[in-house]
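Now for the letters of each chain:
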Amino acid sequence: MAVKYAIFLGCTVPVRAMSYEVSARKVAGGLGIELVDIPEFSCCGYPVKSVHQDTTLLMAARNLSLAEERGLDITTLCSACTSVLTEAARRLSSDGELLGKVNEQLKKLGRKYSGRTRVKHFARVIYEDVGLDKVRESVKRDISSLRIASHYGCHYLKPSEIYDRFDDPEVPASLDALVEAAGAVPVDYVTKKECCGGAILGVDENIALSMTKQKLDDISKRGADAINLVCPFCNIMYGANQRKVQSKYGVKYDLPILYYPQVLGLAMGMEPEELALNMNPIKPKSLLAKLG
Amino acid sequence: MDIVITDLDPRFKHEVAKEEGGERVKYCFQCGTCTSGCPVSEIDSKYNPRCIIRMVILGMREQVLRSDFIWLCSTCYTCYERCPQDVRITEVMNALKNMAVREGYIHPAFRAQAELIGSHGRLYEIDEFTEEKREELGLARLSGDIAEVAEIFKITGLAELLSEASQEPVRTASA
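The residue numbers shown here count from 1 along each chain, following its written sequence. Chain letters and ligand numbers both follow the written order, the letters beginning at A and the numbers at 1. Under the rules for a predicted model, residues below a pLDDT of 70 receive no local features and side-chain atom pairs below 80 are neither given nor counted, while totals for whole chains, interfaces and linings still include all residues. The side-chain numbers reported here are obtained from all heavy atoms of the structure, hydrogens and water having been left aside.

A. Representation of the pairing of strand 5 (residues 147-150) of chain A in the model. Residue and element names in this part refer to chain A. By the convention used here, strands pair only if DSSP detects at least 2 bridges between them. Labels follow the DSSP assignment, with helices taken as runs of H or I lasting at least four residues and strands as runs of E lasting at least two, numbered in each case from the N terminus. Pairing of strand 5 with strand 6 (residues 185-187) involves 3 bridges; the strand directions are parallel. Among the inter-strand pairings, Arg147 is bridged to a residue of strand 6, identified as Val185. A right-handed crossover is one whose linking path, passing over the helix from the first strand to the second, runs clockwise when the strands point away from the viewer. Handedness of the strand 5-helix 8 (residues 174-181)-strand 6 crossover: right-handed.

Listed below in structure tokens is the structure:
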């Protein structure tokens, strides 16, 4: 069965997490996932949910309608985009009255939406549509020397009811299974389920960075070689802000972060440059040395 | 925080329950599961979801809507998953913030984000530096501003809301 999706990049990935985009496209090609770009996609609507929920819903509906027009479902790289688009898709497909109201607004933009688009995070596409067996078959390089701690983040799994509970948010396992299927060693740690703090970085930097620090402390203690991420905003906290945490608290981690497509890409035999590993905020030199 | 009985607004909880996301607020029986698992409360007790919901039920309208602490929810949905009464606390917080905005209180970080999205259709303006970097990596150019989003802001009334004067939420020691 051909796996084909419209790829929803959102705001952060194409500007601040290009290595995620590069590696996701590369890995998709290798796994036979066809990704279709829709240049008219806007912000998903998540950042205005706290301010005005009707606007979030209409922005999400417009994005969903663009994919529907082309007969495609959506795959996302950012977990916040995943949650807002999934929530809107579910509400609009099950509530005819709401769909009618949204269509009255969409009409003013010359658009309409019938409620058909489905949304799935790219990691979940690999986990479910491709499947762990195929992932294992795609492995060409031994990366078993790498110990990798997965950060699930919040919106990849929760609220679980909008994601058909494909993974258990209290005992998450899907990302560890993906790391294992790629041939690396998954590392468990105490604060695995905790939030990165990214959503309140602009409200209270002290609290947000403390939240980031807690997890960096725990992951470092377990001797992981890298953190595995599936959200560009979590990367802003663990990657871009790792140095800030280090200088603020007088600690040292130098802990590389990898997006899951980079982990899998390495295992699939792709070169670090092809996966734009050098663009990650913490240079993964030590990690690459381990791979030889 | 002092509770002045003559200042309480008994209609407030009903108002919140009518707001999208706030529907189940009255089901709260104050067990504290939300606060005990909250990653923000763990670091700073100023944010206390159980307490905020109690304030809603008591009718402390002003103290809730103008306070800065309602903006501290990191929307991690841990409480949402665990609440035995299915109060859907994360969505209650969204409802409260939406109401606060209409009362003229908007956190400056959220105002700035909304204004950027209203102008560009995205959180970041796409500059030539970004486009060049993308080209180097073999990625397609981005399509600049998405003008339809400005239209959306007008249709929903958010553009008008943002054009009105607003205040920063009031700093408070704790809920």
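Having put the structure on the table, let's press on.
B. Geometry of the domain arrangement of chain B. An automatic or database domain assignment supplies the residue ranges for each domain. For chain B, the domain assignment lists domain 1 (5-102) and domain 2 (108-163). Put simply, the middle of domain 1 of chain B and the middle of domain 2 of chain B, counted by C-alpha atoms, are 31 Å apart.

C. Expanded view of the interface of chain A and chain B. Each partner contributes to the interface: chain A provides 59 residues, whereas chain B provides 52 residues. Summed over both partners, the accessible area lost on bringing two parts together, with a 1.4 Å probe, is the buried area. Between chain A and chain B lies a buried interface of about 5000 Å² when both sides are counted; carbon and sulfur atoms form 63% of it. Contact with chain B buries area across many residues of chain A, yet Ser50(A), Val51(A) and Gln53(A) alone supply 14% of it, more than any other trio. Within this document, salt bridges are pairs made up of a side-chain nitrogen of Lys or Arg and a carboxyl oxygen of Asp or Glu, the two lying within 4 Å of each other. Linking chain A with chain B are 6 salt bridges, by the criterion used here. The definition of a polar contact used here is a pair of N or O atoms within 3.5 Å, where within protein one atom must be able to donate a hydrogen and the other to accept one, and adjacent residues in sequence count solely through side-chain atom pairs. The tally of links from chain A across to chain B stands at 24 residue pairs in polar contact (both at pLDDT 80 or more). When contributions to the side of chain A that touches chain B are tallied by element, the ones reaching two or more residues are helix 1 (13-16), helix 2 (18-31), helix 3 (53-69), helix 4 (79-94), helix 9 (205-221) and helix 10 (232-240) of chain A. Here a residue-residue contact requires only that any non-hydrogen atoms of the pair lie within 4.5 Å.

D. A look at the domain arrangement of chain A. Residues and elements named next belong to chain A. Examined at the domain level, chain A breaks down into domain 1 (3-121) and domain 2 (139-291). On a C-alpha basis, the centroid separation for the pair domain 1 and domain 2 is 24 Å. Both sides together, the interface formed by domain 1 and domain 2 hides about 2100 Å², and carbon and sulfur atoms give 72% of it. The interface formed by domain 1 and domain 2 contains 2 salt bridges. Note that Lys26 is salt-bridged to Glu274, the shortest N-O span being 3.2 Å. For the interface between domain 1 and domain 2, the tally reads 8 residue pairs in polar contact (both at pLDDT 80 or more). For the side of domain 1 that touches domain 2, the secondary structure elements donating two or more residues are helix 1, helix 2 and helix 4. Considering each element in turn, the side of domain 1 that touches domain 2 owes the most residues, 10 residues, to helix 2. By residue class, the composition of the side of domain 1 that touches domain 2 is 12 nonpolar, 9 polar and 4 charged. Think of it as three bins: nonpolar holds Ala, Val, Leu, Ile, Met, Phe, Trp, Tyr, Cys and Pro, charged holds Asp, Glu, Lys and Arg, and polar takes everything else, Gly as well.

E. Summary view of the side chain of Ser160(A). Of note, Ser160(A) is situated in the loop between strand 5 and helix 8. Those residues within four positions of Ser160(A) in sequence are excluded, and the remaining contacts are Arg165(A), Pro169(A) and Glu81(B).

F. Helix 12 (residues 260-267) of chain A, seen in detail. Residue and element names in this part refer to chain A. Exposure is judged per residue with a 1.4 Å probe applied to protein chains only, and the accessible area is read against the type maximum: over 50% gives exposed, under 20% gives buried, and values in between give partly exposed. Counting buried residues along helix 12, 8 of its 8 residues qualify, which places the element largely inside the surrounding structure. The set of residues buried in helix 12 consists of Tyr260, Pro261, Gln262, Val263, Leu264, Gly265, Leu266 and Ala267. In the segment just after helix 12, Gly269 is the residue with positive phi, at about 95 degrees.

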